[in-house]
Every structure is written in structure tokens, then in C-alpha cells.
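What follows is the residue order along each chain.
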Amino acid sequence: MDQFESVGITPGDRAGGTALEDPDRAPVVALVGPPNSGKTTLFNQLTGLRQKVANYPGVTVEKHVGRVRLLDGKEVDVVDLPGVHGFSARTLDEKVTRDVLEGRVAGVRPPDALILIVDATRLENQLMLVEPVLELDVPTLLVLNMSDELESRGGRIVDAALAEHLGVEIARTSARTGQGLDSVRAFLSRARPLDPSEPGSPRTLSNVPRGQSLPMLDAFAARRNMVREAVRVAGFVPPGPSRFSERLDSLFLHRWGGPLVFLAVIILVFESIFTWAVPLMDGVEFLVSSSGNWVAGAMPDTWLRSLLVDGVWAGVGSVVVFLPQILILFLFLGILEDSGYMARAAVIADRMMYRAGLQGRAFLPLLSGYACAVPAILAARTIEDDRDRLATIFVTPFMTCSARLPVYALLIAAFIPDEQLLGPFMSKRAAVLLGLYALGIIAAVGTAFLLKRTLLKAQPSSFLMELPPYRLPSPKTLALRLLDRSKVFLRRAGRIIFAVAIVLWVLMQFPRTELGAPDIEESALGMIGHAIEPAIAPLGFDWRIGIGLVTSLAAREVIVGTLGTIYGVETADEESVALQEVLRRDLSPGAAIGLLVFFAFALQCMSTVAVMRRETGGWKWPAAQFGYMLMLGYLGAFVAVRIF
Amino acid sequence: MDSMARALPVVKSAPTGGLGSLRLGDIPLRQEVELVSIDLPLELAEPLLERGLLPGCRICPVRISPSGDPIVSIDGSLLALRRETADCLCVRILSHLQDAD
């Protein structure tokens, strides 16, 4: 749950506040720019491994801050802001960028200097941010990124003329290859902490008058004319069309070829998650179990060993196993995004999504939802329309996330016979798994459809997607992103599962009997299970499953370890034959299907609820979502247990 | 849905008269046009304005997506729209085509 913290920020350290500033502190330089201008690539080139991810206080917009040590030993903090087209604060990203630049985020120091990075191949389009940024009156460097591409395609910019016209320094770079970074570093070395007590111009981004059409139009037209003039003075010759991009587009956006490639990409992603990840997951499992055995062997047989090995190791290990899957998914998403294909995929998906009440941009969050709903919900921030965004994040937890897999795997192995269904093509087990995935999609689409016709009644929304030229993703950026994700995932797994394991273990130790720990049915945990049994009896679940359902409120996969603990099975994982046998004894086949359906629908995930609260700004939506999904899960299980 | 759209103010640069009848959605591929006015409520028009789609700018439809939505080129960038949006953009055909180049 690292994502929900504000790291390294002292609350109340309000921007521009006290005069008692450390004059020797590292200056803060913010990176601003439109999406797809290479901001993050430049950031990674400058900071490398010396970066950390945090969140802006109060919102879950991620903040990447990295410290750059320059040749002369000087240090500068560089902040990567979200990519924006403007500062109207229509999206969360825009709002955060605006607030940071204006120094209005409590605890985040207003930048002492700015780097405005633009894609030089599309100069006219990209300079719309120049005017508002320069009005901040902070030392600014304009970075003309992708200038190697500009030159190779026959484009031209006279830097000196543009610099003089705008009154800023200019650097030419190719962030992907690392060209021109020295001039950026030279700018960084000249950055000085601004003295907040010094009276300067008030920091406000020139706002476009909103709410009235003519003044707004005039303001944009003025900005546009200013850009035209700058581009003319700079002698900008636009690059020739990128034949490479055109050729790829004529396949990827082809009438029939486009959807086929789209399908192939999705199949490839799934195949990799479920097939290629297996050996890696086996490897992780081996590491976890062998290290657990080592710890068990090295410790005396006390309550501490039982807590550590049976509780913590088993619990945390059952989650860490998913790391390879999540990394593979993020690797694919990273490649698709950075190469420019994701924008095309969104265009292809838009019509389909539109019918369900969503829009093309929802494709990325929903696809990410197959790994984990938490990053998926964060990915929905790019959706401009608030209703579309809410509908998207409301249905995202229906996508079959990887935490459901161990539960599905255990129950399917225990209750579905290993028989062929359609000749050699599909086994019954695979069919059930596929059915559960389909159930998630149907619930998501149906819910989106209902939402957009009731609570989030659609105003006519628009879909606008910029299609950047295709580019080779930077391996460094991909690698750093994966590293980021692993850290976030492991810390989250560590904290939640760790806490659940300890609470469970303690609840099983009391009330004490003369023989020590009580029978599980007599323990505090057992009492909890019995207390909720009446509610779940109609579904065919007994008190043991009840305890599993309660613990899985923290995270779905916890139920596997919990059932293992309750049944006293030594090695509880989804392949555990012993656990399968005792489950067959206590659950009817219908109830097992019911349990599967329950897990397909219900929102048993603390992290998702927490991230929903942050993203929607209150408890209303997460509460509604939790209630709705629980109800659907209960009804689904109720029906399933009577059918099967 | 429609009544809501009409209740909101609409972005128009100038009285367009009969000229506003030609819409971007009607324009064949590779025919460059000039944007005359945007017939959309403000909040839907703003993202267009931010990306430089302002009255007076030049737009050229370059591709049709598999779902039949237009992809246009503006200032050297490709932008995908929905046809519903394209049908709200009033345009004028530029008769003097190969002028600047």
C-alpha cells in the first residue's frame, strides 16, 4: 500500500511559507510537457535508479522524484509531472500539475526551475503549453526532444531564433538515445533555490476564462496565434511524414487487419501471463518454500516459529508467487504504451466500449485489471470525462485479477473432474476457468451499461485520442517501471498479508485451555465463523468457509492460506491434494461452484477499496461498489448452489 | 442526451450563416479543410481547443478507423475522433490547396 502514502513530505510544510529556508537545499526542478513528449524517458535518463515513487498528498496521482548528482557534486531534485495538454484542471492529472506548478500543494515545494519538454517533430501542436508556463516567471528550459527524428525526417528548427523570441533557453535532445543531455544537466547545475520571501509575481497559470464560449475561444485563439508566430520565427520546417508510422497504421488501423491484430495482441498478453509465467512462478514458489524450511530448521520450536513459518511465510509466500505474472503484464503494457500501439488499440476498442457506456481509453484500465485492479484504477486517470472515469473504475474490479486465480485453481482442482469437454480441445477445468473470466466481463459490461443509463447518465461525451508516431520503447524506462511495480507490489503484499496472518494466528490461540491453544472450532476465530454461518448457510457454506470469506476481505487469495490453517493442512497452496480432499468432504459441488461465482463478483480487496476512496474523493463510491459487488456475489452463489 | 447538449452554450467564432452546413464528417480523405466553428457544448469543445483544433486551423482527414471513425491530421499530429464529434465540426473546403508547399 505504498502507493497511498506521501513519502518524505512533512505535512504542514506549506509551499512558500516560512522564511527560515535552508539556502543550501537542493533546488527542485519540475518536468512539464504534453503526453508522449518523452518526459518520463528524459526523467529516467537524468535520475536512473535514484528515484522514488510517491503520491501527491490527498490524491493518488503518482509522483516520481529523483535526485540528480551533477559533475560538480551539486544535487538537484527533479520531479516528473503528469503529461498534460493544458491547465484547465479538467482531469486529475491536469489539476495536480497545475497545483504543483502554482505551489498550492501543501508539503510539496514549488519548483525553483522548470523544464518544458516538447516533441520537436510536432512543434506547432506542442507549444500550446509555452505561454502559460512562461507566465510563471520561473527559470525555464525548453527541451526540443526527438530532434534526431526531426532531422532524419528533414525537419528544421532554428533554435537561436526560437530562444530569442520566447526568451527561454533551449536544449535539443533525444532522450531515448541520451543525446543532448549535457545541456539539460548544465541547466540543472545553474538552478538555484528560489527565496520564497522575495516578493515575486504571484504564481498563477494564466487561466482560460471558462463557462463562456467567446472569451474562452479568444484566449485559446490568442495562445494559438502566439504559437504560430513562434513557429514562424523559428523557421520551423515540419518533418516529412513518417513512412514507417504510416505503413504500420495502414495495418493496425486497417478495416479487417486492425481488429485482427488487436485480438492477436490480447491473446498474446494472456498467453504470456498464463503460460510463460508458470516456470517463473514455480521458481518463486521454490524460493519461498525453501527459505521457509530453512527458517523453520534454524529456529527452536516455539510459538514464534509457528507464527513466522505457518503464518507469515505461508501467507506472504502465497502472494509473492504472483509477482512474475504482474511483471509480465506490466512489461507488455509498457511496450504497448511506449511504442504507440496502445493509442491505436484504444481507437479500435472505442466503438465497442461506447456501446457498453464506456470509452476507448477504458480499454487500458480494463486490460490491466486482469493483473490487479489497483494499478488499473490508477490507469483510468487519463479518461477526461468524469462520468466515464467513474464508470470505468467502478467496473474494473470485475475483471478477473490475478488474486482470484489461486482460489479458482484450488476449487477447480478439487471439484471439477479432469475430463475432456470438447474432444481434445478443451478440458472441463479449462472451460470452467474460461466461464469465470466471461462472468467477470459480462458483469463489467452489464454494470457499465446500467450505470451510464442511471446514476452516471451520459452527457454526450467525446473521445479524442492523439496517435503518436510509433517509436521503439526505451529498455531503461521499461526496466525502471518494472522495478517500481515490483517494489509497490511486494510492499503491499508484505503489509496486508503480514497483518492478516498475525491476526489470524492470534485469534486461533485464544481462549486458552489447559492444553494450550484451543481447538479451532472453540477459538475466537471459530466463534467468528459460527457467528456468520447463518448468513452464508443458504449458499451451502459452513463456518470454515465463513472464516475464509472474512479473511479474504483483506485480499482474495488469503482464503487459500486460511483454509489451509483451519484444516491444519501443512502445505496449503492451490495444488495441495490434502486440502482438496477435506474441501470435498465439507462442500457440496454446487456450493463449490457457488463459492467460485462469489469470488468472481465480490469485492474482497482492501487495496481496491482504499484506492477507490482516493480516486473518487470519498467513501460513497467504494461503499456502493462494495455493497453492489457483494450483493451480486451472494445472489450469484445463491442461484449457483441451486442449479448445480 | 440531445436536450442536454442544446441547453449548454455552443462554441462559435462568428455567425456562420449558411457556411456552417458542411461538416468534417462529410469530407473525403486527403481533402484539406479549414475549421469554421465547433458546434459542441463548451466542456466537450475544450479538449479540442487545447489540442489546437480552433476555428481557422487546417484539418485533413487521413484515415478511417475500423469502426468508421475519422482520424485527422492537424499540425503534424494525428488525432482520432468519433464521427459524432466530426459531425459537429463545421468546416470550409480550402480551394487553393497546394499553396504553402
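Our subject is the structure that appears above.
Please read these numbers as outputs of a predicted model, since none were measured by experiment.

Student: When you look at helix α24 (residues 589-601) of chain A in this model, what are you seeing that I'm missing?
Tutor: Side chains of residues three or four places apart in an α-helix project in the same direction, reflecting 3.6 residues per turn. Residues and elements named next belong to chain A. A rise of 1.5 Å per residue sets the reference length of α24, with its 13 residues, at 18 Å; its end C-alpha atoms lie 19 Å apart and thus fit the reference within 8%. Among the 13 residues that make up α24, twelve are buried, leaving the element largely enclosed by the rest of the structure. Of the residues making up α24, those classed as buried are G590, A591, A592, I593, G594, L595, L596, V597, F598, F599, A600 and F601. The inward-facing, buried residues of α24 contact α17 (405-415), α18 (428-453), α21 (543-551), α22 (558-566) and α26 (620-643).

Student: What should I look at first to understand the side chain of A:T396 in this one?
Tutor: As for its position among the elements, A:T396 is in the loop between α16 (386-395) and α17. Given the relative accessible area of 0%, A:T396 is considered buried.

Student: Just to check I follow, could you spell out the interface of chain A and chain B for this structure?
Tutor: How big an interface is tends to be stated in terms of the accessible area lost upon association of its parts. Taken together, the contacts link 48 residues of chain A with 40 residues of chain B. The salt bridge partner of A:R224 is B:D75, with a shortest N-O separation of 2.9 Å. Where chain A meets chain B, there are nine residue pairs in polar contact (both at pLDDT 80 or more). For the side of chain A that touches chain B, the elements supplying multiple residues, two or more each, are α3 (123-126), α8 (213-233), α9 (243-252), α13 (341-356) and β8 (465-467) of chain A. Per-element tally for the side of chain A that touches chain B: the top contributor is α8(A), with eight residues. Residues belonging to the side of chain A that touches chain B are distributed by class as follows: 19 nonpolar, 13 polar and 16 charged.

Student: Looking at this model, I keep getting lost on the pattern of salt bridges. Mind explaining?
Tutor: All names here are of chain A. This structure, assessed with the given rule, holds 40 salt bridges over all chains. Residues K95 and D99 are paired through a salt bridge, measuring 3.1 Å at the closest nitrogen-oxygen approach. Pair noted here: K95 and D99 are both in helix α2 (residues 92-101), with a separation of four residues, about one helical turn. We classify D99 as buried; its relative accessible area is 13%. The partner of K452 in a salt bridge is D388, and the shortest N-O contact between them spans 2.4 Å. Taken as a pair, K452 in helix α18 and D388 in helix α16 lie far apart in primary sequence, 64 residues in all. Exposure class is identical for K452 and D388. Each is buried. Overlapping salt bridges, with partners in common, bring together D119, R122, E149, R153, E466 and R471 in one network.

Student: What exactly am I supposed to notice about the packing of helix α25 (residues 606-616) of chain A against α26(A) here?
Tutor: The relative placement of two packed helices is expressed as an angle between their axes plus a distance between the axes. Residue and element names in this part refer to chain A. Viewed as axis vectors pointing N to C, α25 and α26 meet at an angle of 140 degrees, and their least axial separation amounts to 7 Å. With respect to each other, α25 and α26 are oriented oblique. Contacts between α25 and α26 pair V609, M612, R613 and T616 from the former with W621, P622, Q625 and F626 from the latter. Grouping the amino acids of the contact of α25 with α26 by side-chain chemistry returns five nonpolar, two polar and one charged.

Student: Would you explain the pairing of strand β1 (residues 33-38) of chain B in this entry?
Tutor: Sheet faces and side chains relate simply in a regular strand, where the side chains alternate between the two faces. All names here are of chain B. Across the six residues of β1, six count as buried, placing the element largely inside the fold. Across two bridges, the pairing between β1 and strand β2 (residues 58-64) is antiparallel. Bridge pairing links V33 to I59 in β2.

Student: Before we go on, may I ask you to explain the packing of α17(A) against helix α23 (residues 577-586) of chain A in this structure?
Tutor: Residues and elements named next belong to chain A. Orientation of α17 relative to α23, taken along the N-to-C sense of each, is 70 degrees, at an axis distance of 9 Å. Classified by the interaxial angle, the pair formed by α17 and α23 is roughly perpendicular. Of the two possible hands of crossing, α17 and α23 adopt the one that is right-handed. Across the interface between the two elements, L410, L411, A413, A414 and F415 of α17 pack against L579, Q580, L583 and R584 of α23. When its residues are assigned to classes, the contact of α17 with α23 shows seven nonpolar, one polar and one charged.

Conventions we followed
Residues numbered from 1 in each chain as written. Chains lettered and ligands numbered in written order. Predicted model: local features only at pLDDT ≥ 70, side-chain atom pairs only at ≥ 80, totals over all residues. Heavy atoms only, no water. Helix = DSSP H or I, 4+ residues; strand = E, 2+ residues; numbered from the N terminus. Expected span 1.5 Å × (residues − 1). Buried < 20%, exposed > 50% of the residue type's maximum accessible area, 1.4 Å probe, protein only. Contact = heavy atoms within 4.5 Å. Salt bridge = Lys/Arg side-chain N within 4 Å of Asp/Glu carboxyl O. Polar contact = N/O pair within 3.5 Å; in protein donor to acceptor, adjacent residues only side chain to side chain. Nonpolar A, V, L, I, M, F, W, Y, C, P; charged D, E, K, R; others polar. Axes fitted to C-alpha atoms, helices over the stretch in contact; angles between N-to-C directions. Parallel < 35°, antiparallel > 145°, perpendicular 65-115°, else oblique. Pairing = 2+ DSSP bridges. Left-handed = near helix turned anticlockwise from the far one by under 90°.

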